[in-house]
Amino acid sequence: MKFSRISILLIVAVLCMTTSCKKEGSFNPKEKIVAVYQQETSVSNGQTSTVEKYKAEEWIWEGKLLKEMISYNTDGSVYGRQILSYKGGRLVKVADESGETYTEYTYKSGKLIKITMVSEGEEMFAADVEHEGGNISKMKMSIDIPDSMTAKFAERSLSMVMPQQLASILVPTLTVTQRTNRMDKQSMAISINFTYTDKNLTKMAVVVSGFTLMTVNCTYDDMRNPMQGCFALLSPASLSKNNIVETKTGGMINSMEGLPLPDNQKCTYTYNTSDFPETMTTTVTVTEDDVTTTTTSTTYYEYGE
């Protein structure tokens with residue numbers, strides 16, 4: 001079969017468009033989240049406490065680009081702002097409103113190769129990113145939490161560049177280790193290994209100095225995920241085509257005293273007519289000092305242009 005010059009150019013153009021749609025750092029879902037609402041009910045020793053439904057996040061778009069993410073407290077006051085910057089449609093920087101804490105994303109040949117987080121002029125997180133089979137397969141990290149930074153702020157910051165389940169474990173672990181032993185940030189080798197099944201991130205393994213500290217196994221539904229490709233919130237959701245229905249944790253963390261135990265989670269959803277989630281409900285039960293608390297949280301997604 002012979003192709004004319006015009007036909008060849010058309011084929012090349014189609015291939016380029018297909019590649020650009022899949023380039024890492026681009027985030028242009030078919031339905032765009034514009035607001036996230038939350039409510040919560042906790043039952044402990046027969047006592048019930050409730051957080052009424054409130055707007056937790058607002059996502060501001062300019063055309064196809066997500067430009068700002070605003071977080072709110074339950075009283076409607078602003079908790080924080082994240083401003084997103086792009087180059088060629090690819091996310092290259094996420095900064096808070098002060099500009100003093102920011103994350104930079106570095107790419108090579110269309111793939112994310114490095115993530116760096118800086119707070120008040122000091123590097124607090126860096127990760128070299130590796131790929132296998134077209135997926136992010138490994139992150140080799142160094143973390144140095146400043147003494148002046150609270151654990152809550154550190155966890156919130158790191159959850160932007162690593163899964164929340166991992167940030168909630170690593171922050172208290174590293175904070176205690178660094179401040180007690182004055183550990184240099186390079187003295188502990190930390191990495192996260194990722195395993196995929198059918199384009200979903202099904203396992204994360206946190207390896208510290210050669211030992212698997214924690215594993216997180218994820219299972220998914222078969223519906224559309226509005227978070228896929230959102231590197232501003234790097235998580236299993238941003239690396240998977242479907243929505244998480246269950247996470248289970250394991251590894252050495254379950255037998256180590258003095259560290260917070262991660263929670264297993266189950267999620268249920270309702271969906272809109274386009275097969276995207278409208279609501280997500282999670283239930284977590286925690287027992288501490290012989291007191292059992294069951295918390296049910298519901299997240300509502302609002303979509304728009």
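Conventions adopted
Residues numbered from 1 in each chain as written. Predicted model: local features only at pLDDT ≥ 70, side-chain atom pairs only at ≥ 80, totals over all residues. Heavy atoms only, no water. Helix = DSSP H or I, 4+ residues; strand = E, 2+ residues; numbered from the N terminus. Buried < 20%, exposed > 50% of the residue type's maximum accessible area, 1.4 Å probe, protein only. Areas by Shrake-Rupley, 256 points an atom, 1.4 Å probe, with all protein chains shown as cover. Core = buried A, V, L, I, M, F, W, Y, C linked by side-chain atoms within 4.5 Å. Contact = heavy atoms within 4.5 Å. Phe/Tyr/Trp six-rings, centres within 6.5 Å; stacked < 30°, edge-to-face > 60°. Lys NZ or Arg CZ within 6 Å of the ring centre and 35° of its normal. 1 Å grid on protein atoms, 1.4 Å probe; cavity = no way out; pocket = protein on both sides within 12 Å on 5 of 7 lines; lining within 4 Å. Points joined across faces, edges and corners; volume = space filled by probe spheres on them. Nonpolar A, V, L, I, M, F, W, Y, C, P; charged D, E, K, R; others polar. Pairing = 2+ DSSP bridges. Disulfide = S-S within 2.5 Å. Salt bridge = Lys/Arg side-chain N within 4 Å of Asp/Glu carboxyl O.

Draft legend 1. Examining the overall build of the protein chain more closely. When helices and strands are tallied, the protein chain shows three helices and 16 strands. Here the protein chain, with 305 residues, has 44% of them falling under the buried criterion. When the accessible area of the protein chain is evaluated, it comes to approximately 16,600 Å², of which 50% is carbon and sulfur surface.

Draft legend 2. Fine view of the nonpolar core. W59 and F125 are the most contacted members of the largest nonpolar core, which has 58 residues in total. Sorting elements by how many residues they give to this core places strand 12 (residues 211-220) first, with five residues. The residues contacting F125, other than those within four sequence positions of it, are I115, T116, M117, M139, M141, S142, I143, L158, V161 and M162.

Draft legend 3. Looking closely at unusual backbone geometry. Positive phi outside glycine occurs at K199, with the angle close to 65°. Within the element layout of this structure, K199 appears in the loop between strand 10 (190-197) and strand 11 (200-208). The class for K199 is exposed, based on a relative accessible area of 62%. A positive phi angle, close to 50°, is found at S209, a residue other than glycine. Positionally, S209 belongs in the loop between strand 11 and strand 12.

Draft legend 4. A look at the packing of aromatic side chains. Using the criterion set out here, one finds three aromatic pairs in the structure. Between F27 and W61, the aromatic rings sit 5.7 Å apart at their centres with planes inclined by 35°, giving tilted as the arrangement. Here the residue F27 occupies a position in the loop between helix 1 (5-22) and strand 1 (32-44), and W61 occupies one in strand 2 (residues 47-62), the gap between them amounting to 34 residues. An identical accessibility class is assigned to F27 and W61; each is buried. Directly above the aromatic system of W61 lies the positively charged group of K32, at a separation of 5.5 Å from the ring centroid.

Draft legend 5. Spotlight on the environment of K108. Looking at the secondary structure, you find K108 in strand 6 (residues 101-108). K108 gets classed as exposed once you look at its relative accessible area, which sits at 56%. For the pair formed by K108 and E24, sequence separation is 84 residues and the distance between their alpha carbons is 10.0 Å.

Draft legend 6. Representation of empty space enclosed by the protein. What the rule picks out here adds up to one cavity of 30 Å³ or more. Reported here for the largest cavity is a volume of approximately 40 Å³. In terms of lining, the largest cavity is formed by G25, F27, L84, Y86, L91, G229, C230, F231 and A232. Grouping the constituent residues of the lining of the largest cavity by class yields seven nonpolar, two polar and no charged.

Draft legend 7. Spotlight on the side chain of T103. By the element assignment, T103 lies in strand 6. With relative accessibility at 4%, the residue T103 sits in the buried group. Sequence-distant contacts of T103, that is, excluding residues within four places in its chain, are made with V92, K93, V94, I115, T116, M117 and V161.

Draft legend 8. Expanded view of the pairing of strand 12. Pairing of strand 11 with strand 12 involves six bridges; the strand directions are antiparallel. The partner of A205 across the bridge, within strand 12, is T215. In this structure, the hairpin formed by strand 11 and strand 12 is closed by a connection of two residues, where S209 is found at a positive phi of approximately 50°. Where strand 12 meets strand 13 (residues 244-250), six bridges bridge the pair, whose relative direction is antiparallel.

Draft legend 9. Focus on the state of the cysteines. Under the definition given, this model contains zero disulfides. In this model C218 remains outside any disulfide bridge; the closest cysteine sulfur is found in C267, 9.6 Å from its own. Judged by its relative accessible area of 11%, C267 falls in the buried class.

Draft legend 10. Molecular detail of the side chain of S191. Among the secondary structure elements, S191 is positioned in strand 10. Filtering out sequence-adjacent residues up to four positions away, S191 remains in contact with K138, M139, K140, A205, V206 and V207.

Draft legend 11. Fine view of the pattern of salt bridges. Summed over the entire model, instances satisfying the criterion amount to four salt bridges. Ionic pairing is found between E130 and K140, a salt bridge with its closest N-O pair at 3.2 Å. With E130 in strand 8 (residues 122-132) and K140 in strand 9 (residues 135-143), this residue pair connects regions lying 10 residues apart in the sequence. Taking relative accessible area as the criterion, E130 reaches 31% and is therefore assigned partly exposed. Residue K140 is classed as partly exposed on the basis of its relative accessible area of 41%. Between E246 and K248 there is a salt bridge, with the nearest N and O atoms lying 4.0 Å from each other. Judged by relative accessible area, K248 falls into the partly exposed class, the value being 47%.

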